[in-house]
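For reference, the chains in residue letters:
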Amino acid sequence: MLGLAWTIFGGRQFLLGAIKFFSTPLGQIVAVAGALVLTAVTTDVHARIRDRAVCNGRIEANNVAWQERELQAKAAYDQARAKRDQDIDAALEKRVTEKAGSIQQLAERLALQVKVHEATAPTCRVSPGLIDRRDRLLGRAKK
Amino acid sequence: MTGCSAALKNDLPPASTERLDLSVDISAACEKLDKEVPHPVIRPGDDSDTIILTYAAALEVANATIGADRECKQDLRARYKAAQLAGKEKQ
């Protein structure tokens, strides 16, 4: 711009013209106004740069916080799942032990009752072929 | 800073898919009940009434085992259903 004005008006004439113009009241008003506009623009640009930096910092901090929360939540979730499995397993083990004991008692009691019956008068006898027939029925026939 | 608020929402990392693992490690405790009930031993010449009673007793034990296993699995299902994260107990 300056080079163009220098070429068009000639450097010396341009400088003299500028000095003359800025010496006038209007020129001084224009100079002050220009300085004010320049200051305002510069201040605004600086403020925008500062805001952008603050914003970037907030985004980064937000991401880090989010990732930390995610990790903490996952750890808590995994821990809760493991505890749940452990608690359920322990409760069921107790129940299973009790049930297995009562089934064992039932089997023993019935076996005893069968023995008591066995001691009374016998009826008919198992034929030799019955065992083979049972095995064939169950698909366990001997070769 | 208005644009920053929008960017804060958009710049969140993608949601983790690790938690979407569908596998569940179900307790195998109930399987300990599932013991096979063996066939009673029969020998030629045994009293047939006794054999029938022995089989009836074995059947009774087998049914008791099935019943106990069913109750155990119902209990297992109820416990998994009732399981809550700490601080999120049902009201």
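Now for a quick tour of the structure. Keep in mind that this is a model prediction, so the values were computed, not measured.

Core analysis: the largest hydrophobic core is formed by 14 residues, its most contacted members being A:Leu92, A:Val96, B:Cys30, B:Leu33, B:Cys72 and B:Leu76. Breaking this core down by element, the ones donating at least two residues are helix H3 (25-119) of chain A together with helix H2 (48-82) of chain B. A per-element tally of this core places H2(B) first, with six residues. Among residues more than four places away in sequence, those in contact with A:Leu92 are B:Ser27, B:Ala29, B:Cys30, B:Cys72, B:Asp75 and B:Leu76.

The partner chain A presents 38 residues to the 41 residues of chain B that form the contact. Put simply, the parts of the chain that give the side of chain B that touches chain A at least two residues each are helix H1 (2-10) and H2 of chain B. Broken down by element, the side of chain B that touches chain A gets its largest block of residues, 17 residues, from H2(B). Partitioned by chemical class, the residues of the side of chain B that touches chain A number 23 nonpolar, seven polar and 11 charged.

Attention now goes to the environment of B:Thr54. With respect to the helices and strands, B:Thr54 occurs in helix H2. Here B:Thr54 falls in the buried class, since 22 other C-beta atoms lie within 10 Å of it. When the C-alpha atoms of B:Thr54 and B:Val41 are compared, they prove to be 9.0 Å apart, with 13 residues separating the residues in sequence. Every residue in contact with B:Thr54, bar those within four places of it in the chain, is listed here: A:Val114 and B:Pro40.

What counts, and at which threshold
- Residues numbered from 1 in each chain as written.
- Chains lettered and ligands numbered in written order.
- Predicted model: local features only at pLDDT ≥ 70, side-chain atom pairs only at ≥ 80, totals over all residues.
- Core = buried A, V, L, I, M, F, W, Y, C linked by C-beta atoms within 7 Å.
- Buried ≥ 20, exposed ≤ 12 C-beta atoms within 10 Å, placed from the backbone.
- Helix = DSSP H or I, 4+ residues; strand = E, 2+ residues; numbered from the N terminus.
- Contact = placed C-beta atoms within 7 Å.
- Nonpolar A, V, L, I, M, F, W, Y, C, P; charged D, E, K, R; others polar.

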